[in-house]
Amino acid sequence: MSITEQQFFAYVRENPINVQLLEELSALQLPQCMLTAGCLVQTVWNLKSGNDAQFGIKDYDVFYFDDRDLSWEAEDMVIRRARELLGELSEKVEIKNQARVHLWYSEKFGKPYPLLKNVEDGIDRYLTLCTRIGIRIEDRGLYAPDKLDDMWHGILRMNPLNPQPDLFRRKCDEYLARWPWLSIITL
């Protein structure tokens, strides 16, 4: 059995932080804004495991794409606006302008990163295929290039667009510590 898009959204809405972010982030009017990755996938895993919807979720990733100003100051201004909007919740939210990731990624992770053309390009480069999921703030549309089956069944596969075995394994180990029923499949 798998999960439908409608069921996925019902699970995601069981996490009140996801609901708040989906409702309030539109006030920032960020281009191509999406709520993405762990806060969505891990909410589903939590509910399937009988955990509280927020269990073990370290942060809530928000991506946007604005290539008009690639400075840190412009991104920081967005982060400060989000702090004002979200209050204490902003401490759990990580907002990243995907148009500028290529400027800092190699210094932080020691590997070059391509120039991205949109938010989906950033999601497409996640380490694990099953986490390549986002919900657009503007229209609540789902972006899931790998569908929802692996996420639902807890299957962790390394992303061939971003093959980093050490980081992938570390990420998988973090997931398995919280959700031991997940499984790693190597190609």
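Reading guide: rules and limits
- Residue indices follow the written sequence of each chain, beginning from 1 at its first position.
- With the structure being a predicted model, the display of local features is reserved for residues of pLDDT at least 70 and the display and counting of side-chain atom pairs for 80 or more, all residues being used for whole-chain, interface and lining totals.
- Note: side-chain values were computed over all heavy atoms of the structure, leaving out hydrogens and water.
- In summary, the pairing rule links any two rings of Phe, Tyr or Trp, Trp by its six-membered ring, whose centres are within 6.5 Å, and it sorts them by plane angle into stacked for under 30 degrees, edge-to-face for over 60 and tilted for everything else.
- As a reminder, the over-ring test applies to NZ of lysine and CZ of arginine, requiring each to be within 6 Å of the ring centre and within 35 degrees of the ring normal.
- Buried Ala, Val, Leu, Ile, Met, Phe, Trp, Tyr and Cys residues form a nonpolar core when they are joined through side-chain atoms within 4.5 Å.
- For the exposure calls, accessible area comes from a 1.4 Å probe over protein chains only, and a residue counts as buried if that area is under 20% of its type's maximum, exposed if over 50%, partly exposed in between.
- The way it works is that DSSP assigns letters per residue, a run of H or I at least four long becomes a helix, a run of E at least two long becomes a strand, and they are numbered from the N terminus.
- Note on definitions: a residue-residue contact is assigned when non-hydrogen atoms from the two residues lie within 4.5 Å.
- Helix span, as expected, comes to 1.5 Å for every residue beyond the first.

Per an unreviewed UniProt entry, the chain carries the name Nucleotidyltransferase family protein and comes from Rhizobium sullae.

Student: For this particular structure, what's the right way to read the packing of aromatic side chains?
Tutor: Given two aromatic rings, one states the distance between the centres and the angle between the planes to describe the pair. All told, the structure shown has ten aromatic pairs when counted by the stated rule. Counting every residue linked through ring pairs, the aromatic cluster contains Trp-45, Phe-55, Tyr-175 and Trp-179. Lys-48 extends its terminal NZ or CZ atom over the ring of Trp-152, reaching a point 4.1 Å from the ring centre. In this arrangement the basic side chain of Arg-125 is found over the ring face of Tyr-113, its NZ or CZ atom lying 4.8 Å from the centre.

Student: Would you take a moment to explain the nonpolar core for this structure?
Tutor: A general feature of soluble globular proteins is that nonpolar side chains tend to end up buried together. Counting 43 residues, the largest nonpolar core has Phe-8, Leu-21, Trp-45, Ile-133 and Met-151 as the members making the most contacts within it. Ranked by residue count, the leading element in this core is helix H3 (residues 38–49), at five residues. With near-sequence residues (within four places) excluded, Ile-133 lies in contact with Phe-8, Leu-35, Thr-36, Ala-37, Leu-40, Val-41, Ile-123, Leu-142, Tyr-143, Ala-144, Leu-148 and Met-151. Counting residues in each nonpolar core, the second largest holds 13 residues, with Ala-37, Phe-63, Ile-123 and Tyr-143 among its members.

Student: Sorry, what's going on with H3 here?
Tutor: Every α-helical turn comprises 3.6 residues, leaving residues that sit three or four positions apart pointing alike. Helix length check: H3 (twelve residues) gives 15 Å between terminal C-alpha atoms against 16 Å at 1.5 Å per residue, within 8%. Counted residue by residue, H3 has nine buried out of twelve residues, so it is predominantly covered. For H3, the complete set of buried residues consists of Gly-38, Cys-39, Leu-40, Val-41, Gln-42, Thr-43, Val-44, Trp-45 and Asn-46. At the C-terminal side of H3, Gly-50 shows a positive phi close to 80°.

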